[in-house]
Amino acid sequence: MLIYPFPMHLSQGYTYHLSIWQFLLSLAKITPIALIALDSREQLEVFSMAQFGKMIPENLKVYTARQRRFGIKSNRIWFFREVVSISKALATQHLRVTFYTRNVKQMAQLLSLKATHPFCHQRFVFECHQLYSQNLAMRGDFKGGAREFKLEQIIYTQSDLIFVNTRPLQHQLFELFGTESATLPVAASADEIADYEHISDGFSMRKYDFVYAGTFGRWKGVDTFIYALGELRSQGWTGRALLIGARGSEHEATLKLLRERALEHQVQVLERIDRKAIPQFLDQARIGILPNSLLEDSIFNTSPLKVFDYAARGLHLVVSRLPALDAALESLNPISARPDDPLDWVRGLNVALDVAMEPNQRALSWASERTWDARADRVMRNVYESYGTLER
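### Brief notes about the packing of helix α10 (residues 222-234) against helix α11 (residues 248-260)
Following both chains from N to C, one finds α10 and α11 inclined at 20°, their axes separated by 10 Å at the closest point. With respect to α11, the axis of α10 lies roughly parallel. Considering how the two elements wind past one another, α10 and α11 form a crossing that is right-handed. Judged by residue contacts, D223, I226 and Y227 of α10 engage T254, L257 and L258 from α11. Its residues assigned to classes, the contact of α10 with α11 shows four nonpolar, one polar and one charged.

### Some thoughts on the packing of aromatic side chains
Geometry of an aromatic ring pair is reported as the spacing of the ring centres plus the angle between the planes. In the structure shown here, the tally under the stated rule is 15 aromatic pairs. Plain terms: the ring middles of F126 and Y156 are 5.8 Å apart, the flat faces sit at 70° to each other, and that makes the pair edge-to-face. Placement of F126 in strand β7 (residues 123-128) and of Y156 in helix α7 (residues 142-158) is noted, with a sequence separation of 30 residues between them. The residues F126 and Y156 share a single accessibility class, namely buried. For the ring pair Y156 and F177, a centre distance of 5.3 Å and an interplane angle of 35° mean the geometry is tilted. Remark: F177 occurs in helix α8 (residues 167-177) and Y156 occurs in helix α7; sequence separation between them is 21 residues. Relative accessible area serves as the criterion here: at 14%, F177 is assigned to the buried category. Within the aromatic cluster, the residues linked to one another by ring pairs are Y4, F23, Y100 and F163. When the ring centre of W219 is taken as reference, the NZ or CZ atom of K220 above it lies at 4.0 Å. For the cation-ring pair, R375 lies above F23, with the distance from its terminal atom to the ring centre recorded as 4.6 Å.

### Notes on the sheet that holds strand β9 (residues 182-183)
Backbone hydrogen bonds hold the strands of a sheet together, and the pairing may be parallel or antiparallel. With parallel pairing, seven strands are arranged side by side in an open sheet as β3-β2-β1-β6-β7-β8-β9. Across the chains shown, the open sheet's two edge strands, defined by having one partner strand only, are β3 (60-64) and β9. Where strand β8 (residues 161-164) meets β9, two bridges bridge the pair, whose relative direction is parallel. Within β9, the position partnered with V164 by the bridge is T183. Along the sheet face, helix α1 (residues 15-27) touches β1 (2-5), β2 (33-37), β3, β6 (98-101) and β7 and points at about 155° away from the line of β2.

### Points about the sheet that holds strand β11 (residues 241-246)
The sheet built from six strands is open, its strands ordered β12-β11-β10-β13-β14-β15 with parallel pairing. A strand with exactly one partner marks an edge of an open sheet, and here the two such strands are β12 (267-271) and β15 (335-337). Adjacent strand axes in the sheet meet at a mean angle of 25° when their direction is disregarded. Bridge count for β11 against β12 is five bridges, and the pairing is parallel. Note that in β12 the partner of A241 across the bridge is V267. The strands touched by α11 are β11 and β12; relative to β12, the strand with the most contacts, the crossing angle is about 175°.

### A closer look at the nonpolar core
In terms of nonpolar packing, the biggest core is built from 92 residues, with W21, L24, L35, F210, L229 and L349 touching the most fellow members. The element that contributes the greatest number of residues to this core is α1, accounting for seven residues. Beyond its immediate stretch of four places on either side in the chain, F210 contacts F225, L229, L232, W237, R240, A241, L242, A285, I287, I289, L349 and L353. Counting residues in each nonpolar core, the second largest holds 32 residues, with L38, M107, F124 and V164 among its members.

### Some words on the pairing of strand β13 (residues 285-290)
In terms of burial, β13 is largely enclosed, as six of its six residues are buried. Relative to β13, strand β10 (residues 208-213) runs parallel, the two sharing three bridges. Within the sheet, the bridge partner assigned to F210 lies in β13 and is I287. Pairing of β13 with strand β14 (residues 316-320) involves four bridges; the strand directions are parallel. Residue pairing for β14: G288 is matched across the bridge by L317.

### Quick notes on the environment of D223
Among the structural elements, D223 can be located in helix α10. The spatial distance from the C-alpha of D223 to the C-alpha of N350 is 18 Å, given a sequence separation of 127 residues.

### Some details on the pattern of salt bridges
Enumeration over the complete set of coordinates arrives at 17 salt bridges. A salt bridge links D283 to R313; the nearest nitrogen and oxygen atoms lie 2.7 Å apart. Here R313 lies in the loop between α14 (305-312) and β14 and D283 lies in the loop between α12 (278-282) and β13, a separation of 30 residues in the sequence. Its relative accessible area of 12% is what places R313 among the buried residues. Where R338 meets D344, a salt bridge forms, and the shortest distance between an N and an O atom there is 3.8 Å. By relative accessible area, R338 is classed as partly exposed at 42%. A single network of salt bridges, built from pairs that share partners, joins R338, D341, D344 and R347.

What counts and how
Going along each chain's sequence as written, the residues are numbered from 1 onward. Owing to the predicted nature of the model, reporting of local features is limited to residues with pLDDT of at least 70; listing and counting of side-chain atom pairs is limited to 80 or more, with chain, interface and lining totals taken over all residues. Only heavy atoms go into the side-chain values, all of them from the structure, while hydrogens and water stay out. Between N-to-C directions, angles cover 0 to 180 degrees, with each direction set by a line fitted to C-alpha atoms, over the stretch in contact for helices. Strands are runs of DSSP state E lasting at least two residues, helices are runs of H or I lasting at least four, and both sets are numbered from the N terminus onward. The labels follow the angle: roughly parallel below 35 degrees, roughly antiparallel above 145, roughly perpendicular from 65 to 115, and oblique for the rest. Crossing handedness is defined as follows: a turn of the near helix away from the far one that is anticlockwise and smaller than a right angle gives a left-handed crossing, while the clockwise case is right-handed. Between two residues, a contact is recorded if the distance between any of their heavy atoms is within 4.5 Å. Residues are grouped as follows: nonpolar covers Ala, Val, Leu, Ile, Met, Phe, Trp, Tyr, Cys and Pro; charged covers Asp, Glu, Lys and Arg; every other residue, Gly included, is treated as polar. Each pair of aromatic rings taken from Phe, Tyr and Trp, with Trp reduced to its six-membered ring, is defined by centres within 6.5 Å and is described as stacked if the planes are under 30 degrees apart, edge-to-face if over 60, and tilted in the remaining cases. A 1.4 Å probe rolled over the protein chains alone gives each residue an accessible area, and that area as a share of the maximum for its type sets the label: buried under 20%, exposed over 50%, partly exposed in between. Comment: the charge-over-ring label is applied if NZ (Lys) or CZ (Arg) is within 6 Å of the ring centre and within 35 degrees of the ring normal. At least two bridges found by DSSP between two strands is the condition for calling them paired. Here, nonpolar core refers to any group of buried Ala, Val, Leu, Ile, Met, Phe, Trp, Tyr and Cys residues whose side-chain atoms link them within 4.5 Å. The term salt bridge refers to a side-chain nitrogen of Lys or Arg lying within 4 Å of a carboxyl oxygen of Asp or Glu.

Given below as structure tokens:
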């Protein structure tokens, strides 16, 4: 039994929640999973159908845990106690217990079970997507960074198996902790990979030249892309672009920036939409955009879901030239531009406009080799090779 504790509401639907859910659906095709979260099964059924049009498989059991009791909210106390209780119960059902999570605080606590609750062949697998201590230090929060680093030391020296989402992050773990790890980027949805012949007709005449689908945080670099579009417009560009995923105040701030750059009639901005609707919007554009800034996770840790979404629909790509992306997208060979440099982005966008006359066959092939099912299969092969079957 693989136990996946997640002390949040997956149904909130943030990008990394969507990644986790797609991964769990694929894992459940291979092995029984116990998801311990704040959501009820009913809430997750609604979420899964709305976002992906998929029911929860029988192999994925949902256990709802509480984080609040007696008026006190605490994952460290209440949620963790329920994780221990549920795990003990599962261990008595003649199952080996393997914990798998990407939550730092949960894993640091879980590792204490090795000494205090030695039940039933526990194994601990951690999926690393960042060294958050570095992000805190870059923001000037050195005390917070030091506290986080202590948790990271526990995880990366005591976990039985570690996956990382980028090769630069893999190198960092080895340099800092002497830890061996396996790279494991996010993935594409197999049922969303387009057929080249089907999307070829009218590709060069699509409604939008460019599309960005994702979050609008500071390190995502959407402002750089907008500045580049403004310069492109001054050079005579008369096409259109689509931005998807702005939330609340981000939406208003983006519209304001577009007005300042006289782009309000050429760039459409949509707020967050259900995940299953994304392909139909991507199919209205020729070029997918990944303008990450040279900040925080972008530098070493980003493995963006949107790249896989773009590639699965046969889009051409313009991406920021960053260590994490260079390593992950090497075989995809996208058009790259310097991060935070609107003029170099103008160059990259112009190159893309010239070449994006038909679907990107290389991208389609690349995505088809990197599906969530293939990712889950790789994880379980690593687990089996390290520990043998999950059954007792």
